[in-house]
Amino acid sequence: GDSVTQMEGPVTLSEEAFLTINCTYTATGYPSLFWYVQYPGEGLQLLLKATKADDKGSNKGFEATYRKETTSFHLEKGSVQVSDSAVYFCALTAMGSGGSYIPTFGRGTSLIVHP
Amino acid sequence: NAGVTQTPKFRVLKTGQSMTLLCAQDMNHEYMYWYRQDPGMGLRLIHYSVGEGTTAKGEVPDGYNVSRLKKQNFLLGLESAAPSQTSVYFCASSYVADTDTQYFGPGTRLTVL
């Protein structure tokens, strides 16, 4: 079946450091790829997405590029802030055996940013 | 525009009790999902619905039932709660399934003693 693998956390950085959170996937066909963010005590919210190969999603200084050749969708930010501390989930949607599109999430990566 | 709402926010059950979690969305979305979130496990899909009157099993459906009698509501039922069902439950909805953003509710924290 489909799967998403993220680097394990927590990732601990100082403010203004460069961030990379790795995400690789396995899926049949051409999935859409997403990064969601979860702040403490809240539900998930979309951070960015890319729906076809070589697309770059971006939002709030975060970026990720859909790399079909390496089946990856790594999340990057050039300069993190304390307010970026949260849990980040990589996800995909792909067509399942029943003909419906099924979402699959990674296990999440906790990011802690120190002042 | 409330988005996705979940009721209740917290609940404590005893083993063997039953309960229903309600999810409501006001965005006219076709697709709705129930997930559970456990430490170190990420989000796992329990059941989903591709439209009013339809439901389908996800990755971890055992011990749960769902119904989608109205387009805006998606109910998750536990007929006989077990401690293994202690978790945080999230509902989500989307307009289309393949490329669209999922909008999540705030979650229900369930403890089964």
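Described below are features of the structure shown in this document. (Residues numbered from 1 in each chain as written. Chains lettered and ligands numbered in written order. Predicted model: local features only at pLDDT ≥ 70, side-chain atom pairs only at ≥ 80, totals over all residues. Heavy atoms only, no water.)

With that out of the way, let us pick up the interface of chain B and chain A. Frequently, the measure chosen for interface size is the accessible area removed from exposure when the parts meet. Listed per partner, the contact involves 20 residues of chain B and 20 residues of chain A. Between chain B and chain A, the buried area comes to about 1,600 Å², and carbon and sulfur atoms account for 57% of it. Run the count over chain B and chain A and you get zero salt bridges. At the surface where chain B touches chain A, the tally comes to three residue pairs in polar contact (both at pLDDT 80 or more). When contributions to the side of chain B that touches chain A are tallied by element, the ones reaching two or more residues are β4 (31-38) and β5 (42-49) of chain B. Among the elements that take part in the side of chain B that touches chain A, β5 of chain B stands out by supplying four residues, more than any other. Class assignment of the residues belonging to the side of chain B that touches chain A gives a composition of 11 nonpolar, seven polar and two charged. (Contact = heavy atoms within 4.5 Å. Buried area = accessible area lost by both parts, 1.4 Å probe. Salt bridge = Lys/Arg side-chain N within 4 Å of Asp/Glu carboxyl O. Polar contact = N/O pair within 3.5 Å; in protein donor to acceptor, adjacent residues only side chain to side chain. Helix = DSSP H or I, 4+ residues; strand = E, 2+ residues; numbered from the N terminus. Nonpolar A, V, L, I, M, F, W, Y, C, P; charged D, E, K, R; others polar.)

Under the definition given, this model contains two disulfides over all chains. The disulfide partner of Cys23 of chain A is Cys90 of chain A, and the gap between their sulfur atoms is 1.9 Å. Since a negative S-S torsion denotes a left-handed disulfide, the Cys23 of chain A-Cys90 of chain A link at about -70 degrees is left-handed. Of the two residues, Cys23 of chain A sits in strand β4 (residues 23-26) while Cys90 of chain A sits in strand β10 (residues 86-95), which places them 67 residues apart along the sequence. With a relative accessible area of 1%, Cys23 of chain A lands in the buried category. Classification of Cys90 of chain A as buried rests on a relative accessible area of 1%. Note on cysteine connectivity: Cys23 of chain B is disulfide-linked to Cys91 of chain B, with sulfurs 1.9 Å apart. Torsion about the S-S bond of the Cys23 of chain B and Cys91 of chain B cystine: about -75 degrees, corresponding to left-handed handedness. One end of the pair, Cys23 of chain B, is in strand β3 (residues 19-25); the other, Cys91 of chain B, is in strand β9 (residues 87-94), with 68 residues separating them in the sequence. With respect to burial, Cys23 of chain B and Cys91 of chain B carry one shared label: buried. (Disulfide = S-S within 2.5 Å. Buried < 20%, exposed > 50% of the residue type's maximum accessible area, 1.4 Å probe, protein only.)

This part is about the packing of aromatic side chains. In total, this model carries 10 aromatic pairs over all chains according to the counting rule given. Ring geometry for Tyr36 of chain A against Phe105 of chain A: centres 5.6 Å apart, planes inclined by 45 degrees, an arrangement best described as tilted. Here Tyr36 of chain A, found in strand β5 (residues 32-38), pairs with Phe105 of chain A, found in strand β11 (residues 101-105); they are 69 residues apart in sequence, far enough to count as distant. Tyr36 of chain A gets classed as buried once you look at its relative accessible area, which sits at 1%. By relative accessible area, Phe105 of chain A is classed as buried at 8%. A ring pair is formed by Phe105 of chain A and Tyr35 of chain B, whose centres lie 5.3 Å apart and whose planes are at 85 degrees; its orientation type is edge-to-face. Of the two residues, Phe105 of chain A is situated in strand β11 and Tyr35 of chain B in strand β4; the pairing between them involves two chains. Owing to a relative accessible area of 0%, Tyr35 of chain B belongs among the buried residues under this scheme. In this structure an aromatic cluster arises from ring pairing among Phe34, Tyr36 and Phe105 of chain A together with Tyr33, Tyr35 and Phe104 of chain B. (Phe/Tyr/Trp six-rings, centres within 6.5 Å; stacked < 30°, edge-to-face > 60°.)

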